[in-house]
Amino acid sequence: MLKIKVKLVDGKISKKEMVLNKKEVTVQDILDILEINRETVLIRKKNELITEEEILDNGDEIEILRVISGG
Amino acid sequence: MDKSPKCSRCGKKAIIDIRYREEKLCRRCFLKFFEKRVHRNIEKNKMIKPGDRVAVALSGGKDSTLTLYILKEMLNKVKCELFAVTVDEGIKGYRDKAIEFAKRNTKELDLTHIIVSFKEIFGYTLNEIVEKNKVLRGARGPCTFCGVFRRRALNILSRELKASKVATGHNLDDESQTYLMNFFRGDIESSLKMNCDESISELFVKRIKPLSTTPEREIAAYALVKGIPFHMDECPYAQEGMRNVVRVHMNKIESTFAGSRENFYYFMNEIIKHLKTKEKMKFKLSSCILCGEPSSKEICKVCELLKIIRG
């Protein structure tokens, strides 16, 4: 079981905690669950950009910045 | 052990995946990759020459802000004048915030910044135009009025300020979307005008687009990495235009088939280049019989739209 905190910055800011019944999760997995097109966002962890292939650890907090509208 | 994906070029921690090049890049390699492409676009298309007086159309958003920063940096290589112009359409709660970013960045770069509003030039703010259009049950959306009036305001202002070029922040996404929109509208003429190397009217200040080969997402990434402040909010009218539908579909295609956007853009550029070699596809703008501004028809689009608003 993995807990990932997600901050979605999309004009306004919304936060959610995702609980995933998986041993390993990537940023792309999170985007797929949230139905967000990777072409429309950038991802930050601890204020640094990360790629969609980055493997997340339990308790990680990521920021999804919507940089292109209409995704 | 660090499980982060590594830079394809130097092995350091990757911050961005450039899927259409099958490369992941670290901070340093990404900045280098980004700048090289923009500089190549400027040089290949001979966008700037010594002695030019360049007006940057600055909205405060990421694209025009980066255009300003990149051209400012290029001043060390090419001796020309640079200043910023902003068109305030009059979108309450949106443009006013963006203008604050534009002011902050021009101050930071020590550049002259001139602001002109729709209200001053046309007598109405965009908010007022939208309200009037609703009352008149007009079929045209806010983006039609905004686009036509903004281009006119920019041209008038740049011409008055004796600019030899206007640099806009159009990126690869914008350009591909416009090609596709023109395609759906059956509008070849607009596509021909998009990358005009020759002057199509003495009254029309030539446009340059330094970021036309750069994807929008990478522009945002570059600004974030460099810590350049920009306005991020979305225009409240953005969802209403045809562009939004085209954008959603192009992003879906790009996410499934990486490189499609770039391929489509270069494919269209080639087609347009070939079309231009045909004599009948060359054209010059004449003047509007009502306002005297450049127009391909007897009455220009601005006068046509103003007539609608005035009822």
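What this report covers is the structure whose coordinates are included nearby.

Cut-offs and rules
Residues numbered from 1 in each chain as written. Chains lettered and ligands numbered in written order. Predicted model: local features only at pLDDT ≥ 70, side-chain atom pairs only at ≥ 80, totals over all residues. Heavy atoms only, no water. Helix = DSSP H or I, 4+ residues; strand = E, 2+ residues; numbered from the N terminus. Rg over C-alpha atoms; globule rule 2.2 N^0.38 Å. Buried < 20%, exposed > 50% of the residue type's maximum accessible area, 1.4 Å probe, protein only. Contact = heavy atoms within 4.5 Å. Areas by Shrake-Rupley, 256 points an atom, 1.4 Å probe, with all protein chains shown as cover. Lys, Arg positive; Asp, Glu negative; His and termini not counted. Charge placed at Lys NZ, Arg CZ, Asp CG, Glu CD. Pairing = 2+ DSSP bridges. Salt bridge = Lys/Arg side-chain N within 4 Å of Asp/Glu carboxyl O. Axes fitted to C-alpha atoms, helices over the stretch in contact; angles between N-to-C directions. Expected span 1.5 Å × (residues − 1). Core = buried A, V, L, I, M, F, W, Y, C linked by side-chain atoms within 4.5 Å. Parallel < 35°, antiparallel > 145°, perpendicular 65-115°, else oblique. Left-handed = near helix turned anticlockwise from the far one by under 90°. Nonpolar A, V, L, I, M, F, W, Y, C, P; charged D, E, K, R; others polar.

## A look at the overall build of chain A
Stage number 1. Broken down by element type, chain A carries one helix and seven strands.
Stage number 2. Here the C-alpha radius of gyration of chain A, 11 Å, is about what a compact globule of 71 residues would show, namely 11 Å.
Stage number 3. If one aligns the C-alpha atoms of chain A with their principal axes, the spans along those axes are about 30 × 20 × 20 Å.
Stage number 4. When burial is assessed residue by residue, chain A has 55% of its 71 residues classed as buried.
Stage number 5. Partitioning the intrachain contacts of chain A with sequence separation of at least 6 by distance along the chain shows that 47% fall at a separation of at least 24.
Stage number 6. If you sum the accessible surface of chain A, you get close to 3700 Å²; carbon and sulfur atoms cover 44% of it.
Stage number 7. Of the side chains in chain A, 13 bear a positive and 15 a negative charge, and the two mean positions are spaced by 6 Å.

## Some points on the pairing of strand β5 (residues 113–117) of chain B
Stage number 1. Here strand β4 (residues 81–88) of chain B pairs with β5 of chain B via five bridges, running parallel. What sits directly across from D88 of chain B, in β5 of chain B, is S117 of chain B.

## A word on the pattern of salt bridges
Stage number 1. Summed over the entire model, instances satisfying the criterion amount to 33 salt bridges over all chains.
Stage number 2. Where E63 of chain A meets R44 of chain A, a salt bridge forms, and the shortest distance between an N and an O atom there is 3.2 Å. Here E63 of chain A is found in strand β7 (residues 61–66), whereas its partner R44 of chain A is found in strand β4 (residues 41–45), with 19 residues between them in sequence. Comparing E63 of chain A with R44 of chain A, the two get one shared label, buried.
Stage number 3. Residues K13 of chain B and E54 of chain A are paired through a salt bridge, measuring 3.9 Å at the closest nitrogen-oxygen approach. Residue K13 of chain B is found in the segment before β1 (16–18), and its partner E54 of chain A is found in the loop between β5 (48–50) and β6 (55–56); the two belong to separate chains.
Stage number 4. The buried category is assigned to E54 of chain A, whose relative accessible area is 4%.

## With respect to the sheet that holds strand β3 (residues 53–57) of chain B
Residues and elements named next belong to chain B.
Stage number 1. With parallel pairing, the five strands of this open sheet are ordered in space as β5-β4-β3-β6-β7. Across the chains shown, the open sheet's two edge strands, defined by having one partner strand only, are β5 and β7 (206–208). On average, each strand axis in the sheet is tilted by 30° relative to the strand beside it, whichever way the strands run.
Stage number 2. Pairing analysis gives three bridges linking strand β6 (residues 165–167) to β7, with the strands arranged parallel.

## Some details on helix α2 (residues 62–74) of chain B
Residue and element names in this part refer to chain B.
Stage number 1. Helix length check: α2, at 13 residues, gives a terminal C-alpha distance of 18 Å against a target of 18 Å (1.5 Å per residue), a fit within 8%.
Stage number 2. Most of α2 sits inside the fold, with eleven of its 13 residues counted as buried.
Stage number 3. Within the span of α2, buried status applies to K62, D63, S64, T65, L66, T67, L68, Y69, I70, L71 and M74.

## Focus: the nonpolar core
Residues and elements named next belong to chain B.
Stage number 1. Judged by nonpolar contacts, the single largest core of 50 residues is most densely connected at F30 and F34.
Stage number 2. Put simply, the parts of the chain that give this core at least two residues each are β1, α1 (27–44), β3, α2, β4, α3 (95–109) and α9 (216–226).
Stage number 3. A per-element tally of this core places α1 first, with seven residues.
Stage number 4. Sequence-distant contacts of F30, defined by excluding residues within four places in its chain, comprise I15, I16, I18, L25, E218, A221 and Y222.
Stage number 5. Of all hydrophobic cores here, the second largest spans 32 residues; its members include V87, V148, A153 and V205.

## Some words on unusual backbone geometry
Across the chain, the bulk of peptide bonds are trans and the bulk of non-glycine residues have phi less than zero.
Stage number 1. At K46 of chain A, a position not held by glycine, the phi torsion is positive, near 50°.
Stage number 2. Mapped onto the elements of the fold, K46 of chain A is located in the loop between β4 and β5.
Stage number 3. Even without being a glycine, K162 of chain B presents a positive backbone phi close to 60°.
Stage number 4. With a relative accessible area of 64%, K162 of chain B lands in the exposed category.

## A few points about helix α6 (residues 142–160) of chain B
Stage number 1. Compared with the 27 Å implied by 1.5 Å per residue over 19 residues, the 27 Å span of α6 of chain B between its first and last C-alpha is a close match.
Stage number 2. One or two positions beyond α6 of chain B, positive phi appears at K162 of chain B, with a value near 60°.

## Concerning the sheet that holds strand β2 (residues 12–20) of chain A
Residue and element names in this part refer to chain A.
Stage number 1. A sheet is described by the order of its strands in space; here five strands give the open sequence β2-β1-β7-β4-β5, paired in mixed fashion. The sheet terminates laterally at β2 and β5, the two strands that pair on one side only. For this sheet, the mean inter-axis angle between neighbouring strands, taken without regard to orientation, is 30°.
Stage number 2. Of the strand pairs in this sheet, β4 and β7 are connected by five bridges, and their pairing is antiparallel. By the bridge assignment, V41 is partnered in β7 with R66.
Stage number 3. Each of β1 (2–10), β2, β4, β5 and β7 is contacted by helix α1 (residues 27–34), which is oriented at about 110° to β2, the strand it contacts most.

## Details of the packing of α1 of chain B against α9 of chain B
Residue and element names in this part refer to chain B.
Stage number 1. Here α1 crosses α9 at 125°, and the two axes come no closer than 11 Å. Relative to α9, the element α1 is oriented oblique. The chirality of how α1 crosses α9 is left-handed. Contacts between α1 and α9 involve R27, F30, L31, F33, F34, E35 and R37 from the first element and E218, I219, A221, Y222, V225 and K226 from the second.
Stage number 2. Residue classes in the contact of α1 with α9 are distributed as eight nonpolar, no polar and five charged.

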